[in-house]
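Single-letter residue listing:
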Amino acid sequence: MEDQSKNTSRPVSRHFGDLYGIDNWGNDMLCVDGDGAVALRLPLDPDSASTSLPKVMKAIKARGILAPVLLRVQQFLDQSLTQLHDAFQTAIETTEYQGAYRGVFPIKVNQQAEVINHLMTAGQKFDYGLEAGSKPELLIALAQPLSQGALLICNGSKDEAFVRLAILSRKLGHNTVLVIETLEEFEIIRRVTQELNIRPLLGVRVKLTERVTGKWQASSGDRSTFGLGARDLVTLMERLDESDLLDCLVLQHSHLGSQVPDIIDIRRGAAEACRFFVELTRMGAPLTHMDLGGGLGVDYTGALRSEENSVNYTVNEYCTNVVETIQYALDGAKVPHPTIVTESGRFVVAHSSIFIFEVLSATLYDAPQKPELKAGDYHLMGDLMAVEGYIQGPRFQEALNDATYYRDELRALFRRGQIDLDQLSRAEQGFLYLAGLFKAAIRADETLGEIAGGLGAFTDHYYGNFSLFQSLPDVWAIDQLHPIMPIQRLNEAPTRHTIFSDITCDSDGKIDQFILAEGTADALPVHDLRADDPYLIGVFFVGAYQETLGDLHNLFGDANVVTISLDGQGGFDIEHETEADTIAEVLSYVEYDPRGCLDAFRKRVERAVTAGQVDTSERRQMISAYKDSLAGSTYFE
Ligand SMILES: *Cc1c(COP(=O)(O)O)cnc(C)c1O
């Protein structure tokens, strides 16, 4: 790789996207084009031309939309939706399963109107429905054009208003299923049903005892907050019978977890759910739907392994396993096959969004030039610079030890007042100069890298114009890994290894874990920054959970959101754009009145004018600077 980089001007047939594993996780959606740019492909039409991501960014910049940008690609949403339904259809046909599949989208995974609207339109042909876990989500669902066959599943804690609205919606022809989560909730349902005199569709959430591995292991099985255990289930069945509602119980729900990495856990969970299904059926419940909730994972790393940010199965395997497990269990018990329902959220939306930010500046962990030595320098300065003579070869480790020691001693001398700032500055420069040589030696010889503990000890620091807390909250909160890579210059060999810091003044605002083809790493290969040449970083598969979990840390607001549709000929159309929060908007979120702030500032300026501290042209400058900022972006412009 190194050799090829020496001549970047000649056309290259290979690219450095391999380094980041884009072929492993890019699926049929992402690739590197002939210009060394990350490009978007039409997944359902592999022969069509790809659209260059840097070109998209350039085009939307020309319209005044600057990074950071959350870019949604409509076809990626269609792709996941189609993949999921096709996979279930195929599994049902090949196993000769007697029931159907009905998907619902759990609104909490991405509540954005635009996403829900698109899913509902594109999902019409699949009778795709919605899952609401709260009253606001129910209100969203009831405003959607649900098809006749679509389900509206109501999970979560429900008060009387929630229950009433859900039951009333039956009169509109909606297949609204109230999933009973607790015995107390059933009492509300019983009361409201009698009052309204409408027969509801009921479901029951069953707490499974099988636990799943992965990030949410601790809250699975017995430790799950939701659902009825065996004892409560029996009580519920009695109460349903007493209140003449048993014939309304049509759905059994169990949620296996989220991002379940191991397919065996899916099978075990589905098998246990079947046992409950069979028993409840035998006790007289006319169950027709088996809902397995979420859990279908996304292979963020592309490793296809049972690990936290990966899964050891494909969507096809997931569907086949689910269908087969249910079929075997129910055939064995001579119970008819139910309609299978899943509430796969992450799988449906994760791929559809890409977060793109620009690198503003860098702190480099090396220096191109040796410091000059001066007469009267402390002798350790000379010792430090002499290390250059034995970096190569068997004394590498010694050289590393010595350089660190001399640098630390020189720092100690400064603290004790024995050397001045000029000498300390040249000592730091000398060390960074050597660091550059150490890095070059490690790149040339991997075994040296093992001695030095990898390049991790020498990483650069790139500063990105974004807020981790606002745009990538799971990276901060639960160490979620997303594929991350530069989106341009991939026909040039990366020359640096870096971590990223955001522009919040919080030291947690950093990304320092990355997915590479060879595994996870604590630094990302990147290129040297060039003046006047924007260097953009793409964070992929951020469509699930991130948008509303994000917060206003340091009052950085929502980034620009742009939805595009690929035309298959290298171009694209902008379908929708939502401008980033202005500073005035963000201030009002925390209860300031932007006009009031401006007035207060104006008064202070006036007082300064009266006092003769500020002249009239300065006054004009100050007021317009304040006003422009209020109307402007919270990010660097
Ligand atoms: C969060 C949630 C889902 C979505 O899970 P994914 O793993 O994202 O598919 C589905 N059902 C329920 C009840 C949930 O709470």
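Anyway, here's the lowdown on the structure attached to this text.

Thresholds applied
- Residues numbered from 1 in each chain as written.
- Predicted model: local features only at pLDDT ≥ 70, side-chain atom pairs only at ≥ 80, totals over all residues.
- Heavy atoms only, no water.
- Helix = DSSP H or I, 4+ residues; strand = E, 2+ residues; numbered from the N terminus.
- Buried < 20%, exposed > 50% of the residue type's maximum accessible area, 1.4 Å probe, protein only.
- Areas by Shrake-Rupley, 256 points an atom, 1.4 Å probe, with all protein chains shown as cover.
- Lys, Arg positive; Asp, Glu negative; His and termini not counted.
- Charge placed at Lys NZ, Arg CZ, Asp CG, Glu CD.
- Pairing = 2+ DSSP bridges.
- Axes fitted to C-alpha atoms, helices over the stretch in contact; angles between N-to-C directions.
- Arc of directions from axis to C-beta.
- Contact = heavy atoms within 4.5 Å.
- Polar contact = N/O pair within 3.5 Å; in protein donor to acceptor, adjacent residues only side chain to side chain.
- Patch = residues over 30% accessible without salt bridge, like charges linked within 9 Å, V, L, I, M, F, W, Y side chains within 5 Å.
- Salt bridge = Lys/Arg side-chain N within 4 Å of Asp/Glu carboxyl O.
- Near = heavy atom within 4 Å.
- Nonpolar A, V, L, I, M, F, W, Y, C, P; charged D, E, K, R; others polar.
- Core = buried A, V, L, I, M, F, W, Y, C linked by side-chain atoms within 4.5 Å.
- Phe/Tyr/Trp six-rings, centres within 6.5 Å; stacked < 30°, edge-to-face > 60°.

### Observations concerning the overall build of the protein
Within the protein, the secondary structure is distributed over 22 helices and 23 strands. For the protein, the residues scored as buried account for 55% of the 637 residues in total. Roughly 28,200 Å² of accessible area belongs to the protein as shown, and the carbon and sulfur atoms make up 49% of that amount. Side chains of the protein carry 56 positive and 91 negative charges; the gap between the two charge centres is 3 Å.

### Considerations on the sheet that holds strand β5 (residues 101–106)
The sheet built from eight strands closes into a barrel, its strands ordered β5-β6-β7-β8-β9-β10-β11-β12 with parallel pairing. Between one strand axis and the next, the sheet turns by 25° as a mean value, whatever way the strands run. Sheet analysis places strand β6 (residues 129–132) next to strand β7 (residues 151–154), joined by three bridges and oriented parallel. Bridged to Leu130 within β7 is Leu152.

### Examining the pairing of strand β14 (residues 460–464)
Working note: regular strand, side chains alternate between the two faces of the sheet. Residues Asp460, Tyr462 and Gly464 point to one face of β14 and are all buried, whereas His461 and Tyr463, pointing to the other face, are not buried. Both strand β13 (residues 353–363) and β14 contribute to a ladder of four bridges, which runs antiparallel. Directly across from Ala362, in β14, lies its bridge partner Tyr462. Bridging between β14 and strand β16 (residues 496–501) involves four bridges; their strand directions are parallel. When the bridges of β16 are listed, Asp460 appears paired with Thr498.

### Quick look at helix α7 (residues 160–168)
Phe162, Val163, Ala166 and Ile167 are the residues of α7 that are buried. Along the axis of α7, the buried positions cluster into a sector of 120°, meaning they face one direction only. Buried-residue contacts for α7 involve β6, α6 (135–142), β7, β8 (175–180) and α8 (183–196). N-capping of α7 is provided by Asp159, with a side-chain oxygen placed 3.3 Å from the backbone N of Ala161.

### Overview of a nonpolar patch on the surface
A surface patch of nonpolar side chains, about 370 Å² in accessible area, is lined by Leu555, Tyr589, Val590 and Tyr592. Here Val590 is to be found in the loop between α20 (583–589) and α21 (594–610).

### Focus: the site of the ligand
Close contacts around the ligand come from 17 residues, with Lys108, Ser258, Glu343, Gly345 and Tyr545 the closest. Between Gly295 and the ligand, the recorded distance is 3.0 Å, taken from a backbone N or O atom to an oxygen atom. When the ligand sits alone it has 390 Å² of accessible area, and the protein chains cover 92% of it. Here the shell around the ligand is composed, by residue class, of three nonpolar, nine polar and five charged.

### Observations regarding the pattern of salt bridges
In this structure the tally under the stated criterion is 35 salt bridges. For the salt bridge of Arg489 with Glu492, the shortest nitrogen-to-oxygen distance reads 3.2 Å. Owing to a relative accessible area of 10%, Arg489 belongs among the buried residues under this scheme. Accessibility expressed as a relative area gives 15% for Glu492, which makes it buried. Where salt bridges share partners, they join Asp366, Lys439, Asp460, Arg496 and Asp528 into one cluster.

### Here's the deal with the nonpolar core
By size, the foremost hydrophobic cluster in this structure holds 146 residues, and its most contacted members are Leu30, Leu40, Phe500 and Phe540. When residues in this core are grouped by element, the largest group, nine residues, is from helix α10 (residues 263–282). Setting aside its immediate chain neighbours within four residues, Phe500 contacts Phe357, Val359, Tyr462, Ile484, Gly509, Lys510, Ile511, Phe514, Leu524, Val526 and Ile537. Listed in part, the 27 residues of the second largest apolar core include Leu384, Ala399, Ala403 and Leu413.

### Examining the side chain of Gln79
With respect to the secondary-structure elements, Gln79 resides in helix α4 (residues 74–95). The residues contacting Gln79, other than those within four sequence positions of it, are Met29, Pro43 and Leu44.

### Here's the deal with the packing of aromatic side chains
By the definition in use, this model includes 19 aromatic pairs. Aromatic side chains Phe88 and Tyr101 sit 3.9 Å apart centroid to centroid with 10° between the ring planes, which places their arrangement in the stacked category. Taken as a pair, Phe88 in helix α4 and Tyr101 in strand β5 lie far apart in primary sequence, 13 residues in all. You can call Phe88 buried: its relative accessible area is 0%. For Tyr101, a relative accessible area of 7% translates into the label buried. A ring pair is formed by Phe355 and Phe466, whose centres lie 6.2 Å apart and whose planes are at 65°; its orientation type is edge-to-face. Taken together, the residues span a long stretch of sequence, with Phe355 in strand β13 and Phe466 in the loop between β14 and α17 (468–471) at a distance of 111 residues.

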